[in-house]
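The lines below spell out each chain.
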Amino acid sequence: MTVKVAVIYYSATGSVHSLAQAVAEGAASVGAEVRLRRVAELAPDSAIDHNPLWRRHADAARSITEASVEDLAWADAFAFGTPTRFGGPAAQLKQFIDQAGGLWQEGRLADKPVTSFTSAYNRHGGSEATILSLANVFYHWGALIVPTGFTDPAVYAAGGNPYGTSMTGPATDGPDAATLEAARYQGRRLAQIAIRLLAADDHAPDAAAPGGNARDALASMSSLTA
């Protein structure tokens, strides 16, 4: 069974991009089919040009396919990455997420495992708050949140963030080896849980009773309340 994982992220100066690549590598290492996707940049060139690191990464990332809502429909599991912005996700990632209303109404985001990762300049710059803020979206989707937890030595080695992998420090340094390994572990964990869920679903009794399954019910409710 091949599980499909979408790693969708926004990165301004490259730190989250490096984490996203590591998450994708981790998922692929256990046999997942992975789509690594960056969301669209919303900032004007004048803002990007003001920061040489931002301009350099923006130019370098052009070869990476831009995320679309179809990537969410395709995936069995999601990993979202973003730098912190005042304790919340970057507007670029939020704008992409806001396009998922149609899939949400159809119930096509429910029951899928999801995880998130982030980067902040300062140690207390909002990494945990950002991941928790993204969790509010996943509650609405009915997705299954997959934290790293304290489930592997890699989490401890990277600083012990049980919510999701986070990097701290200037973008010029990039994530260190321990943080990248924690991100790979996060990708593996997400994919492994998705594989187990799909396997269990394949062996479950047919839920097509007179009332239909839960996803059909959600779609029906959405059509009544839209």
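So, a few notes on the structure that sits alongside this text. Position labels on residues start from 1 in each chain and follow its written sequence. Two thresholds apply to this predicted model, a pLDDT of at least 70 for residue-level local features and 80 or more for giving and counting side-chain atom pairs, whereas whole-chain, interface and lining totals are computed over all residues. The side-chain numbers reported here are obtained from all heavy atoms of the structure, hydrogens and water having been left aside.

Regarding its fold elements, the chain presents 10 helices and 7 strands. Across the 226 residues that make up the chain, the buried fraction comes to 44%. Contacts are assigned to residue pairs with any non-hydrogen atoms lying within 4.5 Å of each other. Intrachain contacts of the chain at a sequence separation of at least 6 include 79% that bridge at least 24 residues. Accessible surface, the chain: about 11,100 Å² in total, of which carbon and sulfur atoms supply 53%. Elements are defined by DSSP. Helices are runs of H or I of four residues or more, strands are runs of E of two residues or more, and each kind is numbered from the N terminus. Partly exposed residues are those whose accessible area sits between 20% and 50% of the maximum for their type, while under 20% is buried and over 50% is exposed, using a 1.4 Å probe and protein chains only. Using a 1.4 Å probe, accessible areas were evaluated by the Shrake-Rupley method; residue-level cover was limited to the displayed protein chains.

On to the packing of aromatic side chains. When two rings of Phe, Tyr or Trp (its six-membered ring) have centres within 6.5 Å they constitute a pair, described as stacked for plane angles under 30 degrees, edge-to-face for angles over 60, and tilted for the intermediate range. One pass over the structure, following the stated rule, counts 6 aromatic pairs. Ring centres of phenylalanine 78 and tryptophan 141 lie 5.9 Å apart, and the angle between their planes is 75°; on these two criteria the pair is classed as edge-to-face. Pair noted here: phenylalanine 78 is in strand E3 (residues 77–85) and tryptophan 141 is in helix H7 (residues 127–141), with a separation of 63 residues, a long-range link. The class of phenylalanine 78 is buried, set by a relative accessible area of 0%. Plain terms: the ring middles of phenylalanine 80 and phenylalanine 138 are 5.7 Å apart, the flat faces sit at 25° to each other, and that makes the pair stacked. Pair noted here: phenylalanine 80 is in strand E3 and phenylalanine 138 is in helix H7, with a separation of 58 residues, a long-range link. The residues phenylalanine 80 and phenylalanine 138 share a single accessibility class, namely buried. An aromatic cluster is defined as three or more aromatic residues linked by ring pairs; in this entry it consists of Phe78, Phe80, Phe138 and Trp141.

For asparagine 161, the location among the structural elements is in the loop between helix H8 (153–157) and strand E7 (166–168). A distance of 3.2 Å separates a polar side-chain atom of asparagine 161 from the backbone oxygen of glycine 164. Whenever two N or O atoms come within 3.5 Å, that pair is a polar contact, provided that in protein one can donate a hydrogen and the other can accept it, and provided that, for residues adjacent in sequence, both atoms are side-chain atoms. At 3.0 Å, the side chain of asparagine 161 forms a polar contact with the side chain of serine 166. In contact with asparagine 161, not counting residues within four places along its chain, are Glu128, Ile131, Thr148, Val155 and Ser166.

Following the sequence through the fold, glutamate 25 ends up in helix H1 (residues 15–28). Between the alpha carbons of glutamate 25 and tyrosine 185 there is a distance of 9.2 Å; along the sequence they are 160 residues apart.

To obtain an axis, a line is fitted to C-alpha atoms, over the contacting stretch when the element is a helix, and the angle between two such axes runs from 0 to 180 degrees between their N-to-C directions. Across the interface, H1 lies against helix H9 (residues 177–203) with an axial gap of 6 Å and an inter-helix angle of 45°. Classified by the angle between their axes, H1 and H9 sit oblique to one another. Read as a crossing pair, H1 and H9 show a hand that is right-handed. In this structure, H1 uses Ser18, Leu19, Ala22, Val23, Glu25, Gly26 and Ala27 to contact H9, whose residues at the interface are Thr179, Leu180, Ala183, Arg184, Gly187, Arg188 and Ala191. Residues were grouped as follows: Ala, Val, Leu, Ile, Met, Phe, Trp, Tyr, Cys and Pro as nonpolar; Asp, Glu, Lys and Arg as charged; and all remaining residues, including Gly, as polar. For the contact of H1 with H9, the per-class residue count stands at 7 nonpolar, 4 polar and 3 charged. Any angle from 65 to 115 degrees is called roughly perpendicular, while one under 35 is roughly parallel, one over 145 is roughly antiparallel, and all others are oblique. Two helices that cross are described as forming a left-handed crossing if the nearer one is turned anticlockwise from the farther one by less than a right angle, and a right-handed crossing if clockwise.

A few words on H9. For a helix, the expected span equals 1.5 Å multiplied by the residue count minus one. Here H9 is 27 residues long and its end C-alpha atoms lie 39 Å apart, about the 39 Å a rise of 1.5 Å per residue gives. Buried residues along H9 sit against strand E1 (4–9), H1, E3, strand E5 (113–120), H8 and E7.

This brings us to the nonpolar core. Nonpolar side chains tend to gather and get buried jointly when the protein is soluble and globular. Residues enter a nonpolar core if they are buried and are Ala, Val, Leu, Ile, Met, Phe, Trp, Tyr or Cys, with the set joined through side-chain atoms within 4.5 Å. Counting 27 residues, the largest nonpolar core has Ile8, Leu72, Phe78, Phe80 and Trp141 as the members making the most contacts within it. The element that contributes the greatest number of residues to this core is H7, accounting for 4 residues. Among the nonpolar cores identified, the runner-up in size contains 23 residues, and Val3, Ala22, Ala27 and Ala79 belong to it.

Salt-bridge detection follows one rule: a side-chain nitrogen of Lys or Arg within 4 Å of a carboxyl oxygen of Asp or Glu. One pass over the full model with this rule turns up 13 salt bridges. One salt bridge connects aspartate 49 with arginine 55, and the closest N-O pair in it is separated by 2.7 Å. The salt bridge involving lysine 94 is made with aspartate 98; its shortest N-O contact spans 2.6 Å. Through salt bridges with shared partners, a single ionic network connects Asp45, Asp49, Arg55, Asp59 and Arg62.

By themselves, these observations are geometric and do not establish any function.
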